[in-house]
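Report on the structure
One letter stands for each residue in the lines below.
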Amino acid sequence: MSTCAAAATAAKIAPAKPRERYNWPATLALFAVAFVFILGILYITLVVALKNPQQMVSLLAWPDVIHWENFANAWKMTDYPRKFFNTAVITVINLFFTLITNSAVAYAITRNRKKSKFFNLMYYYFISALFIPFQVLMLPLVKTASTLRLDNILGITFLYIVFGLPMNTFLYCGFVRSLPEAIDEAAIIDGANPFQVFTKVIFPMMSPMHATVAILSVMWTWNDFLMPLLLLTKTDEQTLQLSQYIFQKQFSTDYNLAFASYILVLIPVLVLYVFCQKWIIAGVTNGSIKA
């Protein structure tokens, strides 16, 4: 058979590539919705932050005179440096211990569920906590935290780690199930004890799920308002989100200063996303597939 004939036969046998189709009306509609509900809201927030109360007649109009002093006043009124430090301390400590402790708990539960009824019970115990609304726990939490001296920065950080355990256990357990137990057995044969198996073999392999849990943990801790409102009674220990409450007066609200303060709180998250978007997107994608 000649070369041309063989090429023609191979072309007939090879499956045709499917044509890529794009639903442009649906795509444009989604872009329009995203523009209105995301960029539109950000635009309104910025416009209000740059106005004074007399310019609030037209909400969407760009101000004739830009009042940059709103950001300076919001910075001083909220004591931004101290509140930023408090929020950053809570977020970083919570992130560090969440990744270590929650992954260790999930690993122990997943590897021992089939061998021990205790670990199987613990798995369902943690998962059941996902169905309990936080509002049900508020009053007992305030009473217990006051009794145990947890109504401070270190105490609320510990509570964030505990309250994040159910969801993180669910995510980590799904990932650990995808890792063959032969990996553990091979490490034990090489002389590693269970602690070394986790720290030197399994923990590094959890990187995609670490990224997913880190994103959820940081966003939850940074944006949370309710738990700091309940527990942080001292002014010098308040978080950035709790400091926004200062603009709420008895019969009115300083919307211009409040929106300027919202932007100041939003900037660190945007900067973090810009510099870490590659790892954030990869972590969410890989974590969703593995879990």
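Residues numbered from 1 in each chain as written. Predicted model: local features only at pLDDT ≥ 70, side-chain atom pairs only at ≥ 80, totals over all residues. Heavy atoms only, no water.

Next up on the list: the overall build of the protein chain. Broken down by element type, the protein chain carries 14 helices and zero strands. The N-to-C order of helical and strand elements in the protein chain reads α-α-α-α-α-α-α-α-α-α-α-α-α-α. Buried positions account for 34% of the 291 residues belonging to the protein chain. Residue pairs in contact within the protein chain that sit at least 24 positions apart in sequence constitute 70% of those at least 6 positions apart. Of the roughly 18,600 Å² of accessible surface on the protein chain, a fraction of 71% belongs to carbon and sulfur atoms. (Helix = DSSP H or I, 4+ residues; strand = E, 2+ residues; numbered from the N terminus. Buried < 20%, exposed > 50% of the residue type's maximum accessible area, 1.4 Å probe, protein only. Contact = heavy atoms within 4.5 Å. Areas by Shrake-Rupley, 256 points an atom, 1.4 Å probe, with all protein chains shown as cover.)

A few words now on the packing of helix 9 (residues 181–189) against helix 10 (residues 194–205). Axis separation between helix 9 and helix 10 bottoms out at 10 Å; the angle between their running directions is 150°. Here helix 9 runs over helix 10; the crossing is right-handed. Mapping the contact onto sequence places Ile183, Asp184, Ala187 and Ile188 in helix 9 and Val197, Val201, Ile202 and Met205 in helix 10. Classifying every residue of the contact of helix 9 with helix 10 gives seven nonpolar, no polar and one charged. (Axes fitted to C-alpha atoms, helices over the stretch in contact; angles between N-to-C directions. Left-handed = near helix turned anticlockwise from the far one by under 90°. Nonpolar A, V, L, I, M, F, W, Y, C, P; charged D, E, K, R; others polar.)

The subject of this paragraph is the layout of surface pockets. Taken as a whole, the largest pocket spans an internal volume of roughly 760 Å³. Along its surface, the largest pocket is lined by 27 residues, and Ala129, Val162, Phe163, Gly164 and Pro166 are the ones closest to its centre. Only helix 4 (80–112), helix 5 (117–128), helix 6 (134–147), helix 7 (153–163), helix 8 (165–177), helix 11 (207–223) and helix 12 (226–231) provide two or more residues apiece to the lining of the largest pocket. (1 Å grid on protein atoms, 1.4 Å probe; cavity = no way out; pocket = protein on both sides within 12 Å on 5 of 7 lines; lining within 4 Å. Points joined across faces, edges and corners; volume = space filled by probe spheres on them.)

Moving on, we get to the nonpolar core. Tyr107, Tyr172, Val197, Ile202, Met206, Met209 and Val213 are the most contacted members of the largest nonpolar core, which has 23 residues in total. Breaking this core down by element, the ones donating at least two residues are helix 4, helix 5, helix 8, helix 10 and helix 11. The element that contributes the greatest number of residues to this core is helix 8, accounting for six residues. In this structure, Ala74, Phe247, Ala260 and Ile263 belong to the second largest nonpolar core, which totals 17 residues. (Core = buried A, V, L, I, M, F, W, Y, C linked by side-chain atoms within 4.5 Å.)

Across its 17 residues, helix 11 extends 24 Å between first and last C-alpha, which sits within 8% of the 24 Å expected from 1.5 Å per residue. Of all the positions in helix 11, only Met209, His210, Thr212, Val213, Ala214, Ile215, Ser217, Val218, Thr221 and Trp222 are classed as buried. (Expected span 1.5 Å × (residues − 1).)

Once that is clear, we can look at the packing of helix 4 against helix 8. It is at 8 Å that the axes of helix 4 and helix 8 come closest, and there the two elements cross at 55°. On the basis of the axis angle, helix 4 is oblique to helix 8. Along this stretch, helix 4 crosses helix 8, giving a crossing that reads as right-handed. Across from Thr98, Leu99, Asn102, Ser103, Val105, Ala106, Tyr107, Ile109, Thr110 and Arg111 in helix 4, the residues of helix 8 making contact are Leu165, Asn168, Thr169, Tyr172, Cys173, Val176 and Arg177. Split by residue class, the contact of helix 4 with helix 8 holds nine nonpolar, six polar and two charged. (Parallel < 35°, antiparallel > 145°, perpendicular 65-115°, else oblique.)

Moving on to the pattern of salt bridges. Under the counting rule described, the total for this entry stands at two salt bridges. Put simply, Arg82 and Asp79 hold a salt bridge, and the shortest N to O gap is 3.6 Å. The exposure class assigned to Arg82 is partly exposed, which follows from its relative accessible area of 43%. Since its relative accessible area comes to 33%, Asp79 is described here as partly exposed. Note that Arg111 is salt-bridged to Asp184, the shortest N-O span being 3.1 Å. (Salt bridge = Lys/Arg side-chain N within 4 Å of Asp/Glu carboxyl O.)

Checked against the element boundaries, Thr87 lands in helix 4. Here the side chain of Thr87 touches Leu240 through a polar contact of 2.9 Å, landing on its backbone nitrogen. Look past the residues within four positions of Thr87 in its chain and what remains in contact with it is Trp222, Thr239, Leu240 and Gln241. (Polar contact = N/O pair within 3.5 Å; in protein donor to acceptor, adjacent residues only side chain to side chain.)

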